[in-house]
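As a plain string of letters, each chain reads:
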Amino acid sequence: MDSKPVDVMVVNFNTAALLQPMFDALRRADSERLASYLVVDNASVDDSVARMATVCPEALLLSNKHNVGFGRANNQLLAHLQGRYALLLNTDAFVASDSLEKTIAYMDAHPECGVLGVRLEGREGDLQPSCRYFPTPLNTFVARTGLARFFPGLQMVDEMNWDHGSVRECDWLPGCFYLVRREVLERVGLFDPRYFLYYEEVDHCKRVKEAGWKVVFYPHTTVVHIGGESSKSVAELEAASRQISTYQIESELLYFRKHHGVAGLAWHMCLVCLGDLILALKALLKGRGREAIKACWRHASTTWSILFKTRYATQPTR
């Protein structure tokens, strides 16, 4: 029996309530003809695993005893791929009825396309960043400090001032709907396992482009992405939303060291300190109080702490 063209890869973490609507949307998109389902449960403490038995009994389900992170969990599914393409899909992303057919057809017709993303919208139809530029120490600093008006020619990561109605190449795509050619995975691999959360797809797209494939935004179908559900559950479980930011800081440091070298990492650390100083001065001038100023100090000290814990951004902390 011939394999279906796409394997839908899902990492679930405490989003049991989203499984039914997510799979319902896939079935409305003719997934029973076009797709196979591969699911990793990342040590959820809700009833996700039990619910999968009724929501999608035909899925291959792996159940981790510990939360290994988004990238590593997806990597666990690579050995089970059978189709021409793999679709990484978040549990909080709901495909349109034409999403699978149109994106598979585009990939079939454009063998130079290695990774494909689509138009992302929120619950109310608000456009979300769907096609992004690579982060750099400078554009990260500018975005954080709100100084974009002083850098008019700088490409910001979430630049939105462009035509969202046309197919275009881009630097990287959000991982909530991430369609990858099987050949890319065989040659480039999937995610660098050092990223526990954040920057996985940024790093992957950079490697895909360096290997000669294109990363493409395809606007002719829409995925509704409600966003952040797994991150919320992490925050609730650890009772400290600041823990999320430490994951992001760590991944950022690992990424800049990997792709910008020691000099780029040093430049980033200088800009982190400068950025926190600027934000502290802004807080002081606007009378926001000591807590706002302390937050700037905590960010800078946390970043330096993580830099040392990661041995100058060469290895992960977990």
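Residues numbered from 1 in each chain as written. Predicted model: local features only at pLDDT ≥ 70, side-chain atom pairs only at ≥ 80, totals over all residues. Heavy atoms only, no water.

## Description of the pairing of strand β2 (residues 35-42)
Step number 1: Among the 8 residues in β2, 7 count as buried, and that is most of the element.
Step number 2: Note that strand β1 (residues 6-12) and β2 share 7 bridges and pair parallel. In the strand pairing of β2, V11 is matched with V40.
Step number 3: Pairing between β2 and strand β3 (residues 60-64): 5 bridges, direction parallel. Across the sheet, D41 pairs through a bridge with S63, a residue of β3.
Step number 4: Remark: the β2/helix α3 (residues 48-55)/β3 crossover connection has right-handed handedness. (Buried < 20%, exposed > 50% of the residue type's maximum accessible area, 1.4 Å probe, protein only. Helix = DSSP H or I, 4+ residues; strand = E, 2+ residues; numbered from the N terminus. Pairing = 2+ DSSP bridges. Right-handed = clockwise from strand over helix to strand, strands pointing away.)

## With respect to the confidence of the model for the protein chain
Step number 1: Here the protein chain shows a mean pLDDT of 93. Residues at 70 or above account for 94%.
Step number 2: Per-residue pLDDT stays below 50 along residues 230-243; that stretch engages in 17 contacts with residues further than four places along the chain or on separate chains. (pLDDT = per-residue confidence, 0-100. Contact = heavy atoms within 4.5 Å.)

## Some words on the packing of aromatic side chains
Geometry of an aromatic ring pair is reported as the spacing of the ring centres plus the angle between the planes.
Step number 1: In this structure the tally under the stated criterion is 10 aromatic pairs.
Step number 2: Aromatic side chains F70 and F191 sit 5.9 Å apart centroid to centroid with 35 degrees between the ring planes, which places their arrangement in the tilted category. Of this pair, F70 sits in helix α4 (residues 70-76) while F191 sits in the loop between α7 (182-188) and α8 (200-210); the two residues are 121 residues apart in sequence, bridging distant segments of the chain.
Step number 3: Since its relative accessible area comes to 17%, F70 is described here as buried.
Step number 4: Its relative accessible area of 5% is what places F191 among the buried residues.
Step number 5: Over the face of the ring belonging to W162 we find R168, whose NZ or CZ atom lies 4.3 Å from the ring centre.
Step number 6: One Lys or Arg, K206, reaches over the ring of F134 and ends 4.3 Å from the middle of that ring. (Phe/Tyr/Trp six-rings, centres within 6.5 Å; stacked < 30°, edge-to-face > 60°. Lys NZ or Arg CZ within 6 Å of the ring centre and 35° of its normal.)

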